[in-house]
Amino acid sequence: MSSFIEKVGVGEGEMEIYVSMPEGAGPLPGIVVGQHAGGVDASIRGMADRLAEAGYCAVAPDLYHRLTPEDFSPRSLKDAEMVEDVAATVAFLKGQETVDGEALGITGFCMGGRVVYLMAAAIPDFKAAVAYYGGNTMVALGEGGVSPFERTGEIGCPLMFHFGGEDR
């Protein structure tokens, strides 16, 4: 397994993505890992690494790349920009020789669970979406947008949500 930081073009700038690739020539399935409020921290990098150890090409985009210290908050994110960011991440995965571009999934935790719901509706490349305790799916982020829940009819892949009754 190899893990590294890559930069991809998005909008008029660049975004860092954490990439964790398994051994093997492929083609292998790819998974986007949606960050939680802590960003692409040790927990999210660890999950990407675990997925790579299981044989998936895992990539975690830094959805905070547009925020400044003054406006840094998950509530400062905008749905349209996050869709653009994840679409750039999908393009990166599809551009890798070892990735099967027809076998892409997305997973995410907490805030990332909301990202999963939104991306299952917004990006048709995903064949599966798995969210863990995602909240705020009824809330639109950014002006003039609609909530992920309001986009439910656009979801084109199986979507599984996990909520832990005793999760701390």
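Preceding this paragraph is the structure being described.
Bear in mind the structure is a predicted one, so any value in this text is a computation, not a measurement.

A.B. asks: Sorry if this is basic, but what is going on with the overall build of the protein chain here?
C.D. replies: A count of helical and extended segments in the protein chain gives three helices and seven strands. Listing every helix and strand of the protein chain by position from the N terminus yields β-β-β-α-β-α-β-α-β-β. A globule of 168 residues ought to have a C-alpha radius of gyration of about 15 Å, and the protein chain, at 15 Å, matches this closely. Summarising its shape, the C-alpha atoms of the protein chain cover approximately 45 × 35 × 30 Å along the three principal directions. Considering only contacts in the protein chain between residues 6 or more positions apart, those separated by 24 or more positions represent 67%. Working note: accessible area of the protein chain is about 8,300 Å², and carbon and sulfur atoms make up 51% of it.

A.B. asks: Please clarify how the pattern of salt bridges should be interpreted in this entry.
C.D. replies: Side chains that differ in charge, positive against negative, can pair when their charged atoms come close. Summed over all chains, the structure comprises six salt bridges. Here Asp85 and Arg66 are joined by a salt bridge, their closest N and O atoms 2.8 Å apart. You can see Asp85 sitting in helix H2 (residues 79-94) and its partner Arg66 sitting in the loop between strand E4 (57-61) and H2, a full 19 residues away along the chain. For Asp125, the salt bridge goes to Lys94, with nearest N and O atoms at 2.8 Å.

A.B. asks: Looking at this structure, how should I read the packing of aromatic side chains?
C.D. replies: Each aromatic ring pair is characterised by the separation of its centres together with the angle its planes make. Inspection of every chain in the model, using the stated rule, returns three aromatic pairs. Geometrically, the ring pair formed by Phe161 and Phe163 is stacked, given 5.4 Å between the ring centres and 15° between the ring planes. The class for Phe161 is partly exposed, based on a relative accessible area of 24%. Classification of Phe163 by relative accessible area gives exposed; the value is 58%. Each residue in the set Tyr117, Phe161 and Phe163 is aromatic and connected to the rest through ring pairs, giving one cluster.

A.B. asks: In this structure, what is going on with the sheet that holds strand E2 (residues 13-21)? I would like to understand it.
C.D. replies: Two orientations exist for strands paired in a sheet by backbone hydrogen bonds: parallel and antiparallel. The mixed open sheet is built from seven strands, whose spatial order is E1-E2-E4-E3-E5-E6-E7. Sheet topology places strand E1 (2-10) and strand E7 (159-162) at the edges, where each strand pairs with a single neighbour. For this sheet the average axis-to-axis angle between neighbouring strands, irrespective of direction, equals 20°. Against the sheet, H2 makes contact with E1, E2, strand E3 (28-34), E4, strand E5 (99-109) and strand E6 (126-132), and its axis sits at roughly 125° relative to E1, the strand it touches most. Of the strands in this sheet, E3, E5, E6 and E7 are in contact with helix H3 (residues 111-122), which crosses E5 at around 140°.

A.B. asks: Can you walk me through the side chain of Thr107 in this structure?
C.D. replies: Its place among the elements puts Thr107 in strand E5. A relative accessible area of 9% places Thr107 in the buried class. Those residues within four positions of Thr107 in sequence are excluded, and the remaining contacts are Ile31, Val32, Val33, Gly34, Leu51, Val116, Val130 and Tyr132.

A.B. asks: It is not clear to me how the environment of Pro61 should be interpreted in this structure. Could you clarify?
C.D. replies: With respect to the element layout, Pro61 can be found in strand E4. With 72 residues separating them in the primary sequence, Pro61 and Tyr133 have C-alpha atoms 19 Å apart. Apart from the residues lying within four places of it in its own chain, the contact partners of Pro61 are Met15, Glu16, Ile17, Val32, Val33, Gln35, Val40 and Thr89.

A.B. asks: Explain the packing of H2 against H3 to me, please; I cannot follow it from the model alone.
C.D. replies: Geometry of a packed helix pair, given as the angle between the helix axes and the separation of the axes. Direction vectors running N to C along H2 and H3 enclose 75°, while the axes themselves pass 10 Å from each other. As the angle between them shows, H2 and H3 are arranged roughly perpendicular. Facing Asp79, Met82, Val83 and Val86 of H2, the residues of H3 in contact are Arg114, Val115, Leu118, Met119 and Ala122. Here the contact of H2 with H3 is built from residues that sort into seven nonpolar, no polar and two charged.

Reading guide: rules and limits
- Counting restarts for each chain: residues are numbered from 1 in the order of the written sequence.
- Local features in this predicted model are restricted to residues of pLDDT 70 or higher, and side-chain atom pairs are both shown and tallied only at a pLDDT of 80 or more, whereas totals for entire chains, interfaces and linings draw on every residue.
- The basis for the side-chain values is all heavy atoms of the structure; hydrogens and waters are excluded.
- Every helix listed is a DSSP run of H or I at least four residues long, and every strand listed is a run of E at least two residues long, numbered separately from the N terminus.
- Throughout, the radius of gyration refers to the C-alpha atoms, and the reference size of a globule is 2.2 Å times the residue count to the power 0.38.
- In what follows, a contact means two residues having at least one pair of non-hydrogen atoms within 4.5 Å.
- A 1.4 Å probe and the Shrake-Rupley method give the accessible areas. Residues count as covered only by the protein chains that appear here.
- Just to be clear on terms, a salt bridge is a Lys or Arg side-chain nitrogen sitting within 4 Å of an Asp or Glu carboxyl oxygen.
- Classification of ring pairs rests on two measures: the distance between centres of Phe, Tyr or Trp rings, Trp counted by its six-membered ring, which must be within 6.5 Å, and the angle between planes, read as stacked under 30 degrees, edge-to-face over 60 and tilted in between.
- Think of it in three bands: with a 1.4 Å probe and only protein chains considered, a residue is buried below 20% of the maximum accessible area for its type, exposed above 50%, and partly exposed in between.
- DSSP-based pairing: two strands are paired if at least 2 bridges between them are found.
- In this analysis an axis means a line fitted to C-alpha atoms, helices contributing only their contacting stretch, and an angle means the value between N-to-C directions, from 0 to 180 degrees.
- Here the angle decides the label: under 35 degrees means roughly parallel, over 145 means roughly antiparallel, 65 to 115 means roughly perpendicular, and every other value means oblique.
- Amino acids are sorted into nonpolar (Ala, Val, Leu, Ile, Met, Phe, Trp, Tyr, Cys and Pro), charged (Asp, Glu, Lys and Arg) and polar (every other residue, Gly among them).

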